[in-house]
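Chain by chain, the residues:
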Amino acid sequence: MTQHSTDLTVDTTGAGLLGKEERDQLNVVLERYWIEAKQLKYWLVGIMGLALLIGLLVTLLSTNLYRATAKVEISQVTANVTAIDPLETEGVVSELQYLNTQYELMESEFMAKRVIEAGNLLRDERFLTAFKLHTEVQPSARAIERILLENIVIEPLRQSALVDMRFSSPSPVVSRDITNLWAQEFIAANYEKRFGANIEARQFLERQIAELRDRLAVSERELVTYANANEILVLETRTNDSPSAGATASQTLIATDLTSLNSSLAQATAERITAEAAVQAQAIPEQDGRGTLRNRLAEAEAELARLQTNFGPGYPQLREKQAEVASLRSALADGRSLGARDLSSVMQAARQKEAQLRQAVQQAKNRFLGQQQQSIQYGILKREVDTNRELYDALLQRYKELEAAGAGQNNIKLIDEASLPPSPYAPSLPLNLLVALLGGALVAAGMVFIRSTLSQTLRDPHDVERRLSLPLLGLIPDIGTDEPEKELTIRWSELNEAYRTARTNLSFLTPQGAPRSLMITSSVPAEGKSITSIALATSFAQLGKRTLLIDADLRNSRLAARLDLEQGKSDRGTGLSALLTGNGELSTSTLPVATLGFDVLLSGHKPPNPAELLASESMPAIIRAALEVYDQIIVDGPPMLSLADAPELGRSVAGVVFVIEAKRVKLRAIETAIRRLQRSGAKVFGALVTKLDESSSDYGYGYGYGYGYGYGQPAKSDGEP
């Protein structure tokens, strides 16, 4: 836990915590980009210069643009000068939401179309000339709309309700006119949006009221015509429920007559009963008669009370019973005031009157029942008249309300009109140059990034350890000559110094020093494998060790040519291929290289099956025999390619030194080759990076006398002068 905390560092920029490994990787990446930039410095300078030139040309070739500005105020809260509710209920929204909505409306296609129509821009010569549309026969509204939207700019002023409207064009007059027109149309559109609905509603109501007026007249005419045709006379009477409101009730004349006749009939019936009671009272003794009348009166009063409890005052039987009670009371009061003849006359008259009234009631009833069927259609026509009248009154009332509510106040006002711009605001040379500089920097950064990303070769010697997980045994410079063998004869040459450092690093591979048998191989041919073999053999020979260099590239050997030796011309030059087939001895097959101080065993004639020969037991036997005579064995092996030669040969020696040419072979191919070696059982001690140019110094590696390679300063081994 403690160790983990020490491997973390706080990013001073506040980005977070980075581990030591992540920091190292980040530094490596940044260093690689920086090195790539230094190597491409002339290209990058050219890109930046070209970008500045483009910015200058764009400035010189661009058309001058003039910008006019108008200022408007947007207020969310508005005053309502009437007590009438508006037609549209305003939602409760936040001020920020309301203002953002207005900003979007200001630069919408809706506004562009209004400005085109209001300014007649399709035929405005000044506008068309400014934007070079006058050459077209008929410019399209869509093209002008696109021009307007591209050149209008809405800039709200922070912490205020003010907004700047800006329009740019090649003409100062056009810029001013379009800006003012845009502001005016936006204010008008807002007013129409808020109160235009009332105007449209009033116009709609006017049409509806006129239509309803006609419909009401037609329905009333149809009602009157039907009533006249069917002799339906309706009487309007004021009701008592709402006298203040002037409410009325309607009733036909026949129904009124029937009600009146029914009342008269009830009265006549009462009079007839009274007369009959008087006659009956006259016909019996006074005492008995008065007692009988009293009994009948009591019975009549009881029946009247029952009828009053169950029925209303207009019930016919109730009225008859009331009349009977009244007549019985009158008869008891009058006693024998009238004579028998007079009472009989009164009774006959009452009966005749009752019969006549009953006949009249029956006739009225028949007429009323006949009119009931006609009343259905009359009621339909009457309801239509009432409905039309109610609708007409409601629409007329709403129309008057909208007239009163139409006196609203606009919440958007023009504060400052746009004036004629005195000078163009674009193009701006400093701004264009800055943009061009930034664009050039982006292109240059992209070039560096792509170059670094796409480059999969070994450019940084550190990748030997980071990517390949191998020790870096040495760095060999590119001396720029086709005959590096001559440099090896110079004791303190640059090339000799580099290989001497590699030899020193090899001496630290085991406790006994450098492994006695080493194979030198590479991924592909021409990576410096053979010259490395010669140089290491020379360096070991300079230590006083008896060194044998074996040319094991049986397919395409170049070692003999580099050492200026011809295979097969000497009796002692039978070569490795002969030894592998059992034809020859090691002592008679080696050749001395006097200038470099070691012996060499050439490859000999090319066999048809080199992989089988190298995989046989003869190769380890040759190595063991050579170790009995020589102190150091260097095997110049074949390149890996996709062949089995090198893996088979690697198992016959103590280990392998892998040669990698800088900036040539992709790291993926190198990794594959090394894994093949390791899977075959060969031990890979490390790698040598060859043909490093001056750019390698950017990675922290130098070469030449006094500079270090690999693990530090070149150390002199024992026995080295």
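Keep in mind that this is a model prediction, so the values were computed, not measured.

## Considering the pattern of salt bridges
For the structure shown, the criterion picks out 18 salt bridges. The partner of Asp386 in a salt bridge is Arg389, and the shortest N-O contact between them spans 3.7 Å. With Asp386 and Arg389 both in helix α12 (residues 340-405), this residue pair falls 3 residues apart, about one helical turn. When its relative accessible area of 27% is taken as the criterion, Asp386 is described as partly exposed. Arg389 sits in the partly exposed class, given a relative accessible area of 31%. One network of salt bridges, in which partners are shared, links Lys71, Glu155, Asp164 and Arg166.

## Focus: the sheet that holds strand β12 (residues 591-593)
Whenever strands of a sheet pair, they do so through backbone hydrogen bonds, lying parallel or antiparallel. Within the open sheet, the 8 strands sit side by side as β9-β16-β15-β10-β14-β11-β13-β12. Their pairing is mixed. For this open sheet the edge positions go to β9 (472-477) and β12, each flanked by a neighbour on one side alone. Ignoring which end each strand starts from, the neighbouring axes of this sheet average 25 degrees apart. Pairing analysis gives 4 bridges linking β9 to strand β16 (residues 684-692), with the strands arranged parallel. Across the sheet, Pro477 pairs through a bridge with Leu692, a residue of β16. Each of β9, β10 (517-522), β15 (655-661) and β16 touches helix α16 (residues 494-506); the most contacted strand, β9, lies at about 175 degrees to it.

## As for the sheet that holds strand β8 (residues 412-416)
Taken together, 4 strands build an open sheet; the order of strands is β4-β5-β3-β8 and the sheet is antiparallel. The open sheet terminates on both sides in strands that have one partner only, identified here as β4 (152-156) and β8. This sheet shows a mean twist of 30 degrees between the axes of neighbouring strands, independent of strand direction. Here 5 bridges tie β4 to strand β5 (residues 162-169), and the two strands are oriented antiparallel to one another. Across the sheet, Pro156 pairs through a bridge with Val163, a residue of β5. With respect to the sheet, helix α4 (residues 95-106) is in contact with β3 (66-74), β4, β5 and β8, its orientation differing from that of β3 by roughly 145 degrees. Helix-sheet contacts for helix α7 (residues 141-151) involve β4 and β5, and the interaxial angle to β4 is about 35 degrees.

Rules behind the numbers
Residues numbered from 1 in each chain as written. Predicted model: local features only at pLDDT ≥ 70, side-chain atom pairs only at ≥ 80, totals over all residues. Heavy atoms only, no water. Salt bridge = Lys/Arg side-chain N within 4 Å of Asp/Glu carboxyl O. Helix = DSSP H or I, 4+ residues; strand = E, 2+ residues; numbered from the N terminus. Buried < 20%, exposed > 50% of the residue type's maximum accessible area, 1.4 Å probe, protein only. Pairing = 2+ DSSP bridges. Axes fitted to C-alpha atoms, helices over the stretch in contact; angles between N-to-C directions. Contact = heavy atoms within 4.5 Å.

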